[in-house]
Amino acid sequence: MRPLLDAQRDVLELVDPLPEERVELAAAADLVLAEPVVARHDLPPFANSAMDGYAVIAADVEDAPVVLPVLEDVAAGSVPTQTVTPGTAIKIMTGAPMPPGADAVVAVENTEPGDGQVRILSGVPVGESVRPAGDDVAAGTVVLEIGETLTPVKLGVCSSLGYGRPLVRRRPRVAILSTGDEIVSPDEVELAPGKIRDANRFTLLGALEEVGAEVLDFGIIGDDAAELRDGFAAAAEAADVVVSSGGVSMGEYDLVKHLLAELGSVDFWKVAMKPAKPFAFGRIAGKPFFGLPGNPVSVAVAFEQFLRPALLHMMGARLLFRPRIRGIIEQDVRTDPQKVVFLRVNATAGRDGVLRAKLSGAQGSNILSALAAADAYAVIPVGDAEVAAGSLVDLEMMRMPANRSWEEVQLD
Ligand code: AMP
Ligand code: MG
């Protein structure tokens, strides 16, 4: 059996980052920067008011209340035409440029407007409610680095700094297909005897979209050598990566293995992990090919451990793996000491903020419902045969569980 880490390293070595291209910012979510985002100017570009109020000289309002003549109104988007001289004020809106001469803003709440004048009710220190130029980012600062994924807020940063067409790496196109004579589409209302509905293609579809890949759906192909051969060839032609599920175990109808050996350079690995031990990986027509096992939980685990990091690497991401944090497991579990075991668990933070993990259901590699109920994998390393309740384990978080329902919000 191949150690998991060696297999992960081999997979990453065989995939290369995709070409760089410029894309519209609106289409860049989840893509990875191939250029640094550098502030070409201060942000904000000019000193401006943080409040609706009056721009003043702080020394003038030390002995508030005082009445000051108002020279003009400055709205956001316009520029002041006057200078605040000693004993005067300018009315200013949030985001409007500070007028020359003024060194503070008195919020409108602390004033009483009059005709052409204002009564300032309380004094303010120099700089009060003023956002200096470069307060957020100074010109010349590298704000985002190559290899960072464009999260929603990072898209906002790009836009603020004028990166309307950032340089990123292309979205990987990933062909998916399910194999097996027993597999039918989810639209099949009446299941014929011996048939099951396809789970894997939809697990993969969602997981791929979450990473930011473009999915090409090649559907279901039966255990038929000619059809599989054509399907794999068409998928490899159209996509950057091909992912199949099923047909890689030891059965007589597990044709995928044989076809892959014939069509490309594909290795069959027994990886020292559970689930997802049998796994085929290599190239067909020059494209990376992932032959995942058929069992639905194995598909998800293999996706997480091999495909997701490989796709992120192709997209140019610097960080490839999900975070692992420590948590307390709440029950005794026996595991296989020969393998890295991925237990499906619920990981919830108690009132003390400590994560506690409980098995989310039965641990068979066909039990997709238990994985659906899980937030994390408890990763039990090679060498451990049992894990005692109360011990600390590594939790690989698939997501942080959502918190606080509408009912709870109403009770708060
Ligand atoms: P195989 O690797 O083809 O022997 O498949 C292993 C197990 O996974 C069998 O019980 C299959 O019926 C099941 N399986 C294969 N593909 C799928 C799929 N797309 N959705 C749900 N179960 C599947
Ligand atoms: Mg099969």
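Residues numbered from 1 in each chain as written. Chains lettered and ligands numbered in written order. Predicted model: local features only at pLDDT ≥ 70, side-chain atom pairs only at ≥ 80, totals over all residues. Heavy atoms only, no water.

Concerning the overall build of the chain
For the chain, the helix and strand inventory stands at 8 helices and 28 strands. For the chain, whose C-alpha radius of gyration is 30 Å, the value lies well above the compact-globule estimate of 22 Å for 412 residues. Each principal axis of the C-alpha atoms in the chain carries an extent, and together these give about 95 × 50 × 45 Å. Relative to its 412 residues, the chain shows a buried fraction of 45%. Put simply, 70% of the contacts in the chain that link residues at least 6 apart link residues at least 24 apart. With an accessible surface of roughly 19,700 Å², the chain has 53% of that area assigned to carbon and sulfur atoms. (Helix = DSSP H or I, 4+ residues; strand = E, 2+ residues; numbered from the N terminus. Rg over C-alpha atoms; globule rule 2.2 N^0.38 Å. Buried < 20%, exposed > 50% of the residue type's maximum accessible area, 1.4 Å probe, protein only. Contact = heavy atoms within 4.5 Å. Areas by Shrake-Rupley, 256 points an atom, 1.4 Å probe, with all protein chains shown as cover.)

Describing the pattern of salt bridges
Following the criterion strictly, the structure yields 21 salt bridges and no others. Between R326 and D394 there is a salt bridge whose closest N-O contact spans 3.2 Å. With R326 in strand 22 (residues 324–329) and D394 in strand 28 (residues 392–397), this residue pair connects regions lying 68 residues apart in the sequence. A relative accessible area of 51% means that R326 is categorised as exposed. For D394, a relative accessible area of 25% gives the class partly exposed. Between D352 and R356 there is a salt bridge, with the nearest N and O atoms lying 3.2 Å from each other. (Salt bridge = Lys/Arg side-chain N within 4 Å of Asp/Glu carboxyl O.)

Some words on the packing of helix 3 (residues 200–211) against helix 6 (residues 296–314)
Between helix 3 and helix 6, the least distance of the axes is 10 Å, while the angle of their chain directions is 25°. Taken as axis vectors, helix 3 and helix 6 run roughly parallel relative to one another. The hand of the helix 3/helix 6 crossing is right-handed. Residues N200, T203, L204, A207, L208 and V211 of helix 3 pack against P296, V299, A300, F303, R308, L311 and L312 of helix 6. Across the contact of helix 3 with helix 6, the residue classes break down as 10 nonpolar, 2 polar and 1 charged. (Axes fitted to C-alpha atoms, helices over the stretch in contact; angles between N-to-C directions. Parallel < 35°, antiparallel > 145°, perpendicular 65-115°, else oblique. Left-handed = near helix turned anticlockwise from the far one by under 90°. Nonpolar A, V, L, I, M, F, W, Y, C, P; charged D, E, K, R; others polar.)

Comments concerning unusual backbone geometry
Residue L43 is joined to P44 through a cis peptide bond whose omega torsion reads -5°. The residue after A64, namely P65, is reached through a cis peptide bond having omega 0°. Of note, P65 is situated in the loop between strand 4 (53–56) and strand 5 (66–74). The phi angle at S129 is positive, at roughly 55°, despite the residue not being glycine.

Here we look at the site of ligand 1
Within the structure, ligand 1 sits among 15 residues, and E182, D198, A199, G247 and G294 are positioned closest to it. Taking G247, its main chain carries an N or O atom lying 2.8 Å from an oxygen atom of ligand 1. Within the backbone of N295, one N or O atom sits 3.2 Å away from an oxygen atom of ligand 1. Within the complex, the protein chains bury 78% of what would otherwise be the 490 Å² of accessible surface of ligand 1. Looking at side-chain class alone, the shell around ligand 1 contains 4 nonpolar, 8 polar and 3 charged residues. (Near = heavy atom within 4 Å. Polar contact = N/O pair within 3.5 Å; in protein donor to acceptor, adjacent residues only side chain to side chain.)

Here we look at the sheet that holds strand 18 (residues 264–270)
Sheet architecture is open: 6 strands sit in the order 16-13-17-21-20-18, paired in mixed fashion. Sheet topology places strand 16 (214–221) and strand 18 at the edges, where each strand pairs with a single neighbour. Averaged over all pairs of adjacent strands, the angle between their axes in this sheet comes to 15°, without regard to strand direction. In this sheet, strand 21 (residues 287–292) lies alongside strand 20 (residues 278–284) in antiparallel orientation, the contact comprising 5 bridges. Bridge assignment links A280 to a residue of strand 21, and that residue is G291. Each of strand 13 (173–179), strand 17 (241–245), strand 20 and strand 21 touches helix 6; the most contacted strand, strand 21, lies at about 165° to it. (Pairing = 2+ DSSP bridges.)

Some details on the sheet that holds strand 9 (residues 117–120)
The sheet built from 6 strands is open, its strands ordered 7-4-6-5-9-8 with mixed pairing. Edge positions in the sheet fall to strand 7 (104–107) and strand 8 (111–113), since each of these pairs with one other strand and no more. Geometrically, the sheet is characterised by an average inter-axis angle of 40° between neighbouring strands, direction not taken into account.

Quick notes on the packing of aromatic side chains
Within a pair of aromatic rings, the relevant descriptors are the distance that separates the centres and the angle that separates the planes. What the rule picks out here adds up to 8 aromatic pairs. On the numbers, 5.7 Å between centres and 50° between planes, the contact of W269 with F281 is tilted. Of this pair, W269 sits in strand 18 while F281 sits in strand 20, placing them 12 residues apart in sequence. The two residues W269 and F281 agree in class, both being buried. On the basis of an interplanar angle of 10° and a centroid distance of 6.4 Å, the ring pair of F279 and F281 is categorised as stacked. According to the relative accessible area criterion, F279 is buried, its value standing at 1%. Ring pairs connect the aromatic residues W269, F279, F281, F290 and F306, which therefore count as one cluster. Above the face of the Y163 ring, R40 is positioned so that its terminal group lies 4.3 Å from the ring centre. (Phe/Tyr/Trp six-rings, centres within 6.5 Å; stacked < 30°, edge-to-face > 60°. Lys NZ or Arg CZ within 6 Å of the ring centre and 35° of its normal.)

Concerning the nonpolar core
Grouped together as the largest cluster of nonpolar side chains are 63 residues, with contacts concentrated most on L208, V243, F279, F290, L292, F306 and L311. Broken down by element, the residue count for this core peaks at 12 residues, all from helix 6. When residues no more than four places from it in sequence are discounted, the contact partners of L292 are L204, V243, S244, S245, G246, V248, F279, V299, A302 and L307. Judged by nonpolar contacts, the second largest core, of 19 residues, contains A236, L259, V266 and F289. (Core = buried A, V, L, I, M, F, W, Y, C linked by side-chain atoms within 4.5 Å.)

In short, the description is geometric, and any link to function would need to be established separately.
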